[in-house]
Amino acid sequence: MIESLPHLSLGNFPTPVQRLSNLERALGFESLWIKRDDLSGPLGGGNKVRKLEYMFAAAAQADIKKTLFTIGPTGSNHVRATAVYGKASGFRVQCLLFKQPPTDYSKTNYRTICEHADQICEVKRMETMFARYAYEQIKTTLGIGEERYFIPAGGSSPLGSVGYVKAVSELKSQIEEGILPEPRFIFVPVGTCGTMAGLEVGVRLVGLQSRIVGVRVADRVVANAWAISRMVRRTLRLIGAVDSSNIHARSIELWHNDFGDGYAIPTEAGKRAVAMMAEHEGIALENTYTGKALSGLIHYVETHGYQGEPVLFWHTYGTT
């Protein structure tokens, strides 16, 4: 069923997997690996490229919908990727943004969004953004104003999650080729839930025994086990795998202890994780998503005594 879904090639796949030998030794772990989705696309990497391949294809099939409308914080990786890849693919891109605490990476993302988007509207609060998004959808549904293709926050929809269902098949091939052992745990940051949902569906479909552990980096109202399990069920239905009877919130594992004081507010542990990855491996992380995800991985593994298990960090950050 997945192969029948429309798909527009945007990225460079498969992305590499490599062993983090230096960081592994520094942490006292025995088998630490990274999936380099920061290298996923020629116009900038990150986890959004896989999602946009399916959503852009769906938008392209609706000939009259040449305008994309999406939302996110002012430093959003998703909005940045939508604006950059959307413009390159011949779409007009409209963005609705809420203000987030400024960091160097978020300022860079914001500048890139401004350079590539056709229209930007900013509001002060996330709640206002979601209300305005719903209002814009209603307008388009009622035929008021131009036709637009709506892409949700983070690209998180069943269609977007299919990109990460396919990513697990890619990972399984790399395991079968002997590039890495099958991970006991796969760690990923969780904001709008679509990436983790796709990974959850993927491991079930291809038969991996790996446990997906999401490190929460957004408020609980957005990032929670119920939302992930619902997205998993919807994604399974989309691809024709209708048996989702064993999917429930209790089957989803989220690590909450590295969220800190709020979305996009750096933590000391997250900043140390960013610095360690740069020092030992020369790989860039940032403080909103991947820094917290790596610090969550470290704390989870140390708390549960899993230092001897093969662990994979799925790197979701990418710059333009």
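Residues numbered from 1 in each chain as written. Predicted model: local features only at pLDDT ≥ 70, side-chain atom pairs only at ≥ 80, totals over all residues. Heavy atoms only, no water.

### Let's talk about the packing of helix 9 (residues 268–281) against helix 10 (residues 290–304)
Step number 1: As a packed pair, helix 9 and helix 10 sit with axes 7 Å apart at the nearest point and diverge in direction by 95°. The orientation of helix 9 relative to helix 10 falls into the category roughly perpendicular. Contact residues: helix 9 offers Ala269, Gly270, Ala273, Val274 and Met277, while helix 10 offers Gly291, Lys292, Leu294, Ser295 and His299.
Step number 2: For the contact of helix 9 with helix 10, the per-class residue count stands at five nonpolar, four polar and one charged. (Axes fitted to C-alpha atoms, helices over the stretch in contact; angles between N-to-C directions. Helix = DSSP H or I, 4+ residues; strand = E, 2+ residues; numbered from the N terminus. Parallel < 35°, antiparallel > 145°, perpendicular 65-115°, else oblique. Contact = heavy atoms within 4.5 Å. Nonpolar A, V, L, I, M, F, W, Y, C, P; charged D, E, K, R; others polar.)

### Focus on the packing of aromatic side chains
Step number 1: In total, this model carries 13 aromatic pairs according to the counting rule given.
Step number 2: Arranged with centres 5.6 Å apart and planes meeting at 85°, the rings of Tyr105 and Tyr317 form a pair that is edge-to-face. One end of the pair, Tyr105, is in helix 4 (residues 104–116); the other, Tyr317, is in the segment after strand 10 (310–315), and 212 residues separate them in sequence. For the residue pair Tyr105 and Tyr317, the accessibility class agrees, reading buried in each case.
Step number 3: When the ring of Tyr263 is compared with that of Tyr289, the centres are 5.9 Å apart and the planes differ by 70°; the resulting orientation is edge-to-face. Linking Tyr263 in the loop between strand 9 (253–255) and helix 9 with Tyr289 in the loop between helix 9 and helix 10, this pair joins segments that are 26 residues apart in sequence.
Step number 4: The rings of Phe185, Phe187, Trp255, Tyr300 and Tyr306 are connected pair by pair, giving a single aromatic cluster.
Step number 5: Looking at Arg50, its charged tip hangs above the ring of Tyr164, at a distance of 5.5 Å from the centre. (Phe/Tyr/Trp six-rings, centres within 6.5 Å; stacked < 30°, edge-to-face > 60°. Buried < 20%, exposed > 50% of the residue type's maximum accessible area, 1.4 Å probe, protein only. Lys NZ or Arg CZ within 6 Å of the ring centre and 35° of its normal.)

### Here we look at the pairing of strand 2 (residues 31–36)
Step number 1: The buried count for strand 2 comes to six of six residues, which makes it a mostly enclosed element.
Step number 2: Where strand 1 (residues 17–19) meets strand 2, three bridges bridge the pair, whose relative direction is antiparallel. Across the sheet, the residue bridging to Arg19 is Trp33, located in strand 2.
Step number 3: The sheet contact formed by strand 2 and strand 10 spans six bridges and is parallel. Its bridge partner lying in strand 10, Leu32 is registered against Val311. (Pairing = 2+ DSSP bridges.)

### Topic: the sheet that holds strand 2
Step number 1: On the basis of which strands lie adjacent, the open sheet formed by six strands has the order 1-2-10-7-8-9 and mixed pairing. The outermost strands of the open sheet, each flanked by one partner alone, are strand 1 and strand 9. Averaged over all adjacent pairs, the angle separating strand axes in this sheet is 30°, with direction ignored.
Step number 2: With respect to the sheet, helix 10 is in contact with strand 2, strand 7 (185–190), strand 8 (211–216), strand 9 and strand 10, its orientation differing from that of strand 10 by roughly 165°.

### What to know about the sheet that holds strand 3 (residues 67–73)
The strands making up a sheet are joined through hydrogen bonds of the backbone, oriented either antiparallel or parallel.
Step number 1: The parallel open sheet is built from four strands, whose spatial order is 5-4-3-6. The outermost strands of the open sheet, each flanked by one partner alone, are strand 5 (119–123) and strand 6 (149–151). Sheet twist, expressed as the mean angle between neighbouring strand axes with direction ignored, is 20°.
Step number 2: For strand 3 and strand 4 (residues 92–98), the ladder comprises seven bridges, and the chain directions are parallel. Bridge pairing in strand 4 places Pro73 opposite Phe98.

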